Amino acid sequence: MGTLIDRFDEHDGPVRGVHFHKSQPLFVSGGDDYKIKVWNYKMRRCLFTLLGHLDYIRTVQFHQEYPWIVSASDDQTIRIWNWQSRNCISVLTGHNHYVMCAAFHIKEDLVVSASLDQTVRVWDISALRKKTVSPAEDILRLPQMNTDLFGGGDAIVKYVLEGHDRGVNWAAFHPTLPLIVSGADDRQVKLWRMNDTKAWEVDTLRGHVNNVSCVMFHARQDIIVSNSEDKSIRVWDMSKRTGVQTFRREHDRFWILAAHPEMNLLAAGHDSGMIVFKLERERPAYASHGNTLYYVKDRYLRTFEYGTTRDNPLVAIRRAGTSGSAGPRSLHYNPAENAVLVCSDHDGGSYELYIVPKDAAGRGDTQEAKKGSGSSAVFVARNRFAVLDKAHNQILIKNLRNEVTKKVTPPGATTDAIFYAGTGSVLCRSDDKVVMLDVQQKSTIAELATPFIKYVVWSNDNNSVALLSKHAIIIASKKLAHKCTVHETIRVKSGAWDDSGVFIYTTLNHIKYCLPNGDSGIIRTLDVPVYITRVFGNSVFCLDRDGKTRTIQIDTTEFMFKLALIQRKYDLVLQMIRGSQLCGQSIIAYLQQKGFPEVALHFVKDERTRFNLAIECGNIEVALQSCHEIDENDYWYKLGVEALRQGNYEIVEFSYQKTKSFERLSFLYLITGNLDKLATMLKIAEMRQDVMGCFHNALYLGNAAERVKILQEAGHRPLAYVTAKVHGLTEVAEELEADFQAKEEALPPVPDAAKCHLLAPPTPVLRENNWPLLLVQKGFFEGAIEGEEAPEQEEEKGAWGEEADMPETLDGDQGDAGEEVEAEEGDDAEGGWGGVDDLDLPAGGETDVGPADSSFFVTPSAGVPLTQRWTQKSSLAGEHAAAGAFDTAFRLLSRQIGAAAFEPLKPYFMEAFLASHTFVPGVAGMPSASFGVEKGWTEQSVSGTPGAPSLAFKLPQLEEKLKVAYKTTTEGKFTEALKLFTTILHTIPLVVVETRKEVDDVKELLSIAKEYVHALRIELARKAAADDPQRQAELAAYFTHCALQPTHVRLSLQSAMSINYKLKNFNTAATFCRRLLELNPPPAVATKARQVLQACEKTPKDEVPLNYEPRNPFVVCAATMTPIYQGSRSVQSPYSGAHYVPEMAGKICVVDQIAKIGADVSGLMVSATQVR
């Protein structure tokens, strides 16, 4: 959004050329008034005017290094000016028509000019430079003719470029190469090359249909940009010399082009204004997984290791970022298959699929990608990805061979993009919402109303998602339950989750944070926009617009402090308060807003703010301290109000005394029943000659005689007479009656005494100093923070005791209180020497308990058991089982693999526990003591540092067991082999490995064991169906489709061939013969198979129909042992991956015997590397 900053009005008529200085706050302008003006835009004024041209000035430009300006004019000359001396230092003559533009070369001593005389001229100004650098040489030169008329010898024509058929409007140098580009009224753009001796035309670019107004080289790419009176901007490929992009306006002709010196921005002026634009997307395509960043730069797919900061090219991408074509828009990584999807807007939306070899790092090999069209493409499973086909409004599910396996209809007709949403799900974006779609069940899981979403960022545990739009961030749960929304006024560029669940994001000029409750704030300011890829602690890894990896250090203290408050981790909050330099109004305001004024008290040094916070949290002691420092009546009054609310009369009294609020003091003494001090207040009112105060105090005291006296002195004789009469003050009443009679005044009427009631002060409920308060434990922060400042507070309490006992004005009435204090001190002094039993302590007296606890034995707090340390930060079920934490191990397995039946795992859990513990016998009659055994422990191991438990199950042991199972299967001992493979399946959840390679090995082992358990169950079922030949043939056929070792596949094919041949299913038997021969079996087996095949081909038909179609891909339901053909719905075991018909959902898998079919899981964890 462009905003007008300033306006400069001094030219008479149109201004045709403007140029800014590279480093000074200057710009130069030239107009139709023949004047060149130099301006200081900070001072907002014209510094001076250069006169000399005799016609319109077309262009002006500062030199990159010297204090020169070059100008081109319709007077057919080019002038070079020194803007420091304000002189014309050279006039370049030679053109015989208007000079439309002139420009310095960025490095060489050259000027290029374009004229309507159909030529482009290149001028050598090296002599001018030498003259400027060594002006003393000019003294030796002979006087020359008037340079203003005939031109000087300081600038000479080096080349005259002729080739345009009409006037040339613009010419420009290439910033680094010896090239010139020009545009003319012949509608052509010409490319010229030059060397030291000559210049020549290289090529002509045709495409504009009207005069070419301006043309320039792009500073960063091998492209030429031109605009024209045909209302278009065109982009040309320099190497191919062809047009690659065209931008048009409906009604406006283009006249001028300019490039930003540092940013990738271009500007074009047209009839009704200007536009600022980019030629290509600057956001790099990237994806982060684990400890690795995958991104595209310089036509390579590259990786960046966060830990080692090593950067390697992986695969060459042919089309990425080529001139004129859109660079990659997004990148998605599949860790299971090491595959990468690169999506771009090329050809209306397309994708490229790369399978990255494991050893490709650093090689950068060229690979032929699998390509396809689609506006978005994301992985949805280990070997599946989804592509949005907007043209046909469908989502295509493809395998890694780029073959369509399924088609899904999007939830809305306006779906224009899809994003990753976990295994088997995608987020579909429409204009006003996102919808989570299950591509397996073809059903909508959830939807959320949002602005137009541009990017989706999942948290590390996939439990939260951040949806980024242009000016907002929506945080939601994994089921799209809305948590919070953060609005920004500046564009949101990128974001990533840190390990604590805080979303760190960038705008154009800030790195900011968003807490789970929606609170946000600024972490730091940015010089240039960056795109966050990963956050590790205080380090933010990001890419800049050039595709360079950067690491920015941030201060996480503020948002970690707020997060700890939200999560009620008060120990951590206290630790940060004591150890961090947290300060500032924002923290104080935040603490107040969130209801923690007692914490804010710790940060505040300003006494007024401190007082307000103390009042807010009811901390009278701190408020009193601040009041002493401030000592203003308003603050004493506020303190009195809060103290009265709490029933702390001593401080209320002191506050009223400080503010001289006598009326309030009187009322305070009334409600507390302190009649002595109330009588003193009456005396004070008399001294102050406050008649109303005297009357009120007399009224509060119930002193009728004093009231009559006051009324008399005030001249209210009738009221005095009635008061005396009603209260039975006979003598006073008679005196007043005589006075009325002497003055011949009528006596005021007296009310009936029977109806009168004595107005006496109320009896107070409590006569003690303060209200009794319920003793409660101080808040966590209040107690902890005040504990640090205890000595200071004790001292303040002592000072307060002397000051607040009674003010000076009341000294006369304190005798009793003083004696009482002395008596107590005497008792304390006596009690210090005598026994404590014979002390006569006052009832209800409070004693200050000192550190008397030191005389008692305090049991030391128990340490953390070693086994508990094993499980504190572990997400591995094997380590929990080894520690004996079976319940947490079961919960982990339930979450990771959907485990619901734990009976089969019981012996393995016990074995894991016993293997990691040693038992030492105790004394007779006592149980043995158990101790955890750590893996790799030595005498040099540091005590107290948590290690890992010694484990019973290791990957090499399982691999050995697999070999035994293979051998048993080959020998045909299927029942025994089934037990071995099932044991492997039950042991794998408790295995712990170290490296990612070993994780892959465990997954492969799991897949093998599952296939063999499934296959052996089919074979055993076949043998059990001896009385049903048809079923036997079907099961034998299914057995051949299990992923077994080649030897076992060959044996299964032999069996199926034999069974079907005997059943006279010759067509099916022939199928098995051909598959058997493809495996290159031993000669004897091959001969037998050929003979059977020859016999079958004579009568290619089946006598018994089978539920078996070999040409249609299928999987076998592990429960019903029937085929589930491609396209049919199925459910899987989340652990073994065995397939089932939909009716089996929610039941226990018969293959692995532990997982609930169809459960939603996070995936098996067998290594800490999976967590990181």
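Just so we're clear, the structure is a prediction, and the values are computed from it rather than from any experiment. (Residues numbered from 1 in each chain as written. Predicted model: local features only at pLDDT ≥ 70, side-chain atom pairs only at ≥ 80, totals over all residues. Heavy atoms only, no water.)

Q: Please explain the overall build of the chain as it appears in this structure.
A: When its secondary structure is counted, the chain shows 31 helices and 57 strands. Within the chain, buried positions represent 46% of all 1172 residues. Of the roughly 61,100 Å² that the chain leaves accessible, carbon and sulfur atoms contribute 51%. (Helix = DSSP H or I, 4+ residues; strand = E, 2+ residues; numbered from the N terminus. Buried < 20%, exposed > 50% of the residue type's maximum accessible area, 1.4 Å probe, protein only. Areas by Shrake-Rupley, 256 points an atom, 1.4 Å probe, with all protein chains shown as cover.)

Q: Looking at this structure, I do not really get the side chain of serine 90. What am I missing?
A: One can find serine 90 in strand S8 (residues 87–93). With sequence-adjacent residues up to four places away left out, serine 90 is seen in contact with Ile78, Arg79, Ile80, Leu128, Asp154 and Ala155. (Contact = heavy atoms within 4.5 Å.)

Q: Teacher, can you tell me more about a nonpolar patch on the surface here?
A: A cluster of nonpolar side chains, namely Val15, Val18, Phe20 and Tyr41, defines an oily patch on the protein surface of about 370 Å² accessible area. For valine 18, the position within the fold is in strand S1 (residues 15–20). Here valine 18 falls in the partly exposed class, since its relative accessible area comes to 47%. (Patch = residues over 30% accessible without salt bridge, like charges linked within 9 Å, V, L, I, M, F, W, Y side chains within 5 Å. Salt bridge = Lys/Arg side-chain N within 4 Å of Asp/Glu carboxyl O.)

Q: So what exactly am I meant to see when it comes to helix H29 (residues 1066–1078) here?
A: The α-helix winds at 3.6 residues per turn, so residues separated by three or four positions along the chain end up facing the same way. For H29, which comprises 13 residues, the first-to-last C-alpha distance of 18 Å matches the rise-based estimate of 18 Å (1.5 Å per residue) to within 8%. Listed in full, the buried residues belonging to H29 are Phe1066, Thr1068, Ala1069, Ala1070, Phe1072, Cys1073 and Leu1076. Just downstream of H29 lies asparagine 1080, where phi reads positive at about 55°. (Expected span 1.5 Å × (residues − 1).)

Q: Help me understand the sheet that holds S1, please; the structure alone is not making it clear to me.
A: Paired through their backbone hydrogen bonds, the strands of a sheet run either parallel or antiparallel. Spatially, S1-S2-S3-S4 is the arrangement adopted by the four strands of the open sheet, whose pairing is antiparallel. In this open sheet, the two edge strands, each paired with only one partner strand, are S1 and strand S4 (45–51). Taking each pair of neighbouring strands and ignoring which way they run, the sheet shows an average axis angle of 20°. With six bridges connecting them, strand S3 (residues 35–40) and S4 associate as antiparallel partners. Of the residues in S4, the one forming a bridge with lysine 35 is leucine 51. (Pairing = 2+ DSSP bridges. Axes fitted to C-alpha atoms, helices over the stretch in contact; angles between N-to-C directions.)

Q: Sorry if this is basic, but what is going on with the nonpolar core here?
A: General note: in soluble globular proteins, nonpolar side chains tend to be found buried as a group. Grouped together as the largest cluster of nonpolar side chains are 86 residues, with contacts concentrated most on Phe981, Ile988, Ile1018, Tyr1135, Tyr1140 and Val1151. The element contributing the most residues to this core is helix H26 (residues 996–1024), with 11 residues. In contact with isoleucine 988, other than residues within four places in its own chain, are Leu958, Val1002, Leu1005, Leu1006, Tyr1135, Leu1164 and Val1166. Counting 41 residues, the second largest nonpolar core, distinct from the first, contains Phe173, Ile180, Val189 and Val225. (Core = buried A, V, L, I, M, F, W, Y, C linked by side-chain atoms within 4.5 Å.)

Q: I tried to follow the sheet that holds strand S37 (residues 417–420) on my own but got confused; where do I start?
A: Strand order in the open sheet made by the four strands is S37-S38-S39-S40, with antiparallel pairing throughout. Each edge of the open sheet is held by one strand with a lone partner, namely S37 and strand S40 (443–449). The average undirected angle you get between the axes of adjacent strands in this sheet is 25°. The sheet contact formed by strand S39 (residues 433–438) and S40 spans six bridges and is antiparallel. When the sheet's bridge partners are listed, valine 435 is paired in S40 with glutamate 447.

Q: I'm lost on the packing of aromatic side chains in this one. Help?
A: Two measures describe an aromatic ring pair: the distance that separates the ring centres and the angle between the ring planes. Within this structure, the stated rule accounts for 39 aromatic pairs. Plain terms: the ring middles of phenylalanine 20 and tyrosine 41 are 5.8 Å apart, the flat faces sit at 65° to each other, and that makes the pair edge-to-face. One end of the pair, phenylalanine 20, is in strand S1; the other, tyrosine 41, is in the loop between S3 and S4, with 21 residues separating them in the sequence. Seen in terms of ring centroids, phenylalanine 62 and tryptophan 83 are 6.1 Å apart; in terms of plane orientation they differ by 85°. Their pairing is edge-to-face. Within this pair, whereas phenylalanine 62 is found in strand S5 (residues 57–62), its partner tryptophan 83 is found in the loop between strand S7 (77–82) and S8, the two being separated by 21 residues in sequence. Comparing phenylalanine 62 with tryptophan 83 shows no difference in burial state: the two are buried. Three or more aromatic residues link up through ring pairs in this structure, and these residues are Phe8, Phe20, Phe27, Trp39 and Tyr41. Cation over ring: arginine 283 sits above tyrosine 455, and NZ or CZ is 3.7 Å from the ring centre. (Phe/Tyr/Trp six-rings, centres within 6.5 Å; stacked < 30°, edge-to-face > 60°. Lys NZ or Arg CZ within 6 Å of the ring centre and 35° of its normal.)

Q: Help me understand unusual backbone geometry, please; the structure alone is not making it clear to me.
A: Leaving glycine aside, a negative phi is the common case for residues, and trans is the common case for peptide bonds. Residue lysine 660 is not a glycine yet carries a positive backbone phi of 55°. Assignment of secondary structure puts lysine 660 in the loop between helix H10 (649–659) and helix H11 (662–672).

Q: Is there a simple way to think about the pairing of strand S25 (residues 292–297) in this case?
A: Consecutive residues of a regular strand have side chains that alternate between opposite faces of the sheet. In terms of burial, S25 is a largely internal element, five of the six residues being buried. Summarising the sheet, strand S24 (residues 286–289) and S25 pair through four bridges and their orientation is antiparallel. Note that in S25 the partner of serine 288 across the bridge is leucine 293. Taken together, S24 and the strand that follows it, S25, pair antiparallel across an intervening segment of two residues, in which glycine 290 is found at a positive phi of about 60°. Pairing geometry for S25 and strand S26 (residues 300–305), over six bridges, is antiparallel. Note that in S26 the partner of tyrosine 294 across the bridge is threonine 303.

Q: In this structure, what is going on with the confidence of the model for the chain? I would like to understand it.
A: If pLDDT is low for a region, its predicted coordinates should not be looked at in detail. Confidence in the prediction of the chain, expressed as mean pLDDT, is 82, and 84% of residues score 70 or more. Low pLDDT, under 50, characterises residues 136–151; the stretch is placed with 11 contacts to residues that sit more than four places away or in other chains. Predicted confidence is poor over residues 320–324, with pLDDT under 50, and the contacts of this stretch with residues over four places away or in other chains come to 13 contacts. (pLDDT = per-residue confidence, 0-100.)

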